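Coordinates in review
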Amino acid sequence: MNFDKIDLRILRELRNNARIPNKVLAARVGIAPSTCITRVRRLVDGGAISGFYAEFNPKGVGVTAQAIICLRMTRHAREEIDSFRAHVLARDEVVSFFHVSGDDDFMLHVATRDVEHLREFIMNTLSVRPEIVHIETRLIFEERRNPGFPVYVPAQQMEDSAEASAAAAVAA
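Let me begin by describing the structure that accompanies this report. (Residues numbered from 1 in each chain as written. Predicted model: local features only at pLDDT ≥ 70, side-chain atom pairs only at ≥ 80, totals over all residues. Heavy atoms only, no water.)

Here we look at the nonpolar core
Side chains of nonpolar character tend, in soluble globular proteins, to be buried together. Let me state the cut-off plainly: We define the nonpolar core as a collection of buried residues of types Ala, Val, Leu, Ile, Met, Phe, Trp, Tyr and Cys that are connected through side-chain atoms lying within 4.5 Å of one another. Each residue is assigned to one of three classes by its accessible area relative to the maximum for its type, calculated with a 1.4 Å probe on protein chains only: buried under 20%, partly exposed between the two thresholds, exposed over 50%. Runs of E in the DSSP output that reach at least two residues are strands. Runs of H or I that reach at least four are helices, and both are numbered from the N terminus. Pairs of residues are marked as contacts when any of their non-hydrogen atoms sit within 4.5 Å.
With 17 residues, the main nonpolar core has Ile 69, Leu 71, Phe 84, Leu 108, Val 110 and Leu 126 as its most contacted residues. Among the secondary structure elements, those contributing two or more residues to this core are strand 1 (65-73), helix 4 (78-89), strand 2 (94-99), strand 3 (106-112) and helix 5 (115-126). Aside from chain neighbours lying at most four places away, what touches Leu 126 is Ile 69, Leu 71, Phe 84, Val 88, Leu 108, Phe 121, Ile 132 and Ile 135. Grouped together as the second largest cluster of nonpolar side chains are 16 residues, Phe 3, Ala 26, Ile 31 and Val 153 included.

Quick look at the structure:
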């Protein structure tokens, strides 16, 4: 998908606040509201935006224990990976699932009521899986989300955009 400077500003604004009214978003990026909503729809349809989500305050929804759980598998057969992924993603406790390289095969970010709930989750959801041979849990003491997210524009696209901007300036 090709992005211009306006698209990048729209993406940054939405990353900071997905609930921003279209009229406010349009004013912040310097375009008409009708153009803005068209661009947002294009970003969604083009796959640059995969959804709009509410961010929860963990304590506000009863979560007092969070952890990163590192797991290793016995084998790396696609069927076992797919089965395990489906198994854990069906659980409300799983915030994020990562299939990683290195010593571990997976990392899960989980959120639970308390450490007893965390223990039950590990014992009843993870350790019962025959394909899992190692589980290591790291409690999360503090979590902060960076509202920024990198958007990498291909170098050729940046050159084309710069040339178009220069041509428009000459024509004006």
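A word on the packing of helix 1 (residues 5-16) against helix 3 (residues 33-45)
How we decide: With axes taken as lines fitted to C-alpha atoms, and helix axes fitted only over the stretch in contact, angles between N-to-C directions fall between 0 and 180 degrees. Angle categories are assigned with fixed cut-offs, so that under 35 degrees is roughly parallel, over 145 is roughly antiparallel, 65 to 115 is roughly perpendicular, and the rest are oblique. Note on residue classes: Ala, Val, Leu, Ile, Met, Phe, Trp, Tyr, Cys and Pro are nonpolar, Asp, Glu, Lys and Arg are charged, and everything else, Gly too, is polar.
The geometry of helix 1 relative to helix 3 is characterised by a closest axis approach of 11 Å and an angle of 80° between their N-to-C directions. Taken together, the axes of helix 1 and helix 3 lie roughly perpendicular to each other. Contacts from Ile 6, Asp 7, Ile 10, Leu 11 and Leu 14 in helix 1 reach Cys 36, Arg 39, Val 40, Arg 42 and Leu 43 in helix 3. Residues belonging to the contact of helix 1 with helix 3 are distributed by class as follows: seven nonpolar, no polar and three charged.

Concerning the side chain of Asp 105
Test applied: Positive charges come from Lys and Arg, negative ones from Asp and Glu, while His and the chain ends are left out of the count. The salt bridge criterion pairs a side-chain nitrogen of Lys or Arg with a carboxyl oxygen of Asp or Glu, the two atoms within 4 Å. Identification of polar contacts relies on pairs of N or O atoms within 3.5 Å, with a donor-acceptor requirement for protein atoms, meaning one able to donate a hydrogen and the other able to accept it, and with residues adjacent in sequence counted only if both atoms are side-chain atoms.
With respect to the helices and strands, the residue Asp 105 is situated in the loop between strand 2 and strand 3. Despite its burial, Asp 105 remains without a salt bridge, the nearest opposite charge being carried by Arg 72 at 6.4 Å. In this structure the side chain of Asp 105 is engaged in a polar contact, spanning 2.6 Å, whose partner is the backbone nitrogen of Met 73.

Here's the deal with the packing of helix 2 (residues 22-29) against helix 3
Relative orientation of the contacting elements helix 2 and helix 3 amounts to 100°, with a least axis distance of 8 Å. The orientation of helix 2 with respect to helix 3, classified from their angle, is roughly perpendicular. Where helix 2 approaches helix 3, its residues Asn 22, Lys 23, Leu 25 and Ala 26 are matched on the opposing element by Pro 33, Cys 36, Ile 37 and Val 40.

Some points on the sheet that holds strand 1
Rule in force here: Being paired, for any two strands, means DSSP has found at least two bridges between them.
On the basis of which strands lie adjacent, the open sheet formed by four strands has the order 2-3-1-4 and antiparallel pairing. Every interior strand has two partners, whereas the edge strands, strand 2 and strand 4 (132-139), have only one. The average angle at which neighbouring strand axes cross in this sheet is 20°, direction not considered. Sheet topology places strand 2 next to strand 3; five bridges connect them, and they run antiparallel.

Looking at the pairing of strand 3
Of all seven residues in strand 3, six are buried, a share of seventy percent or more. In the sheet, strand 1 pairs with strand 3 via seven bridges, with the strands oriented antiparallel. Following the sheet pairing, Ile 69 is matched in strand 3 by Leu 108. Between strand 2 and strand 3, which follow one another and run antiparallel, lie six residues, and Gly 102 among them has a positive phi close to 105°.

Comments concerning the pattern of salt bridges
For the structure on display, the rule yields 12 salt bridges. For Asp 4, the salt bridge identified is with Arg 39, shortest N-O distance 2.9 Å. A residue pair is termed long-range when its members are at least 10 positions apart, and Asp 4 in the segment before helix 1 and Arg 39 in helix 3 qualify at 35 residues. Here Asp 4 falls in the partly exposed class, since its relative accessible area comes to 26%.

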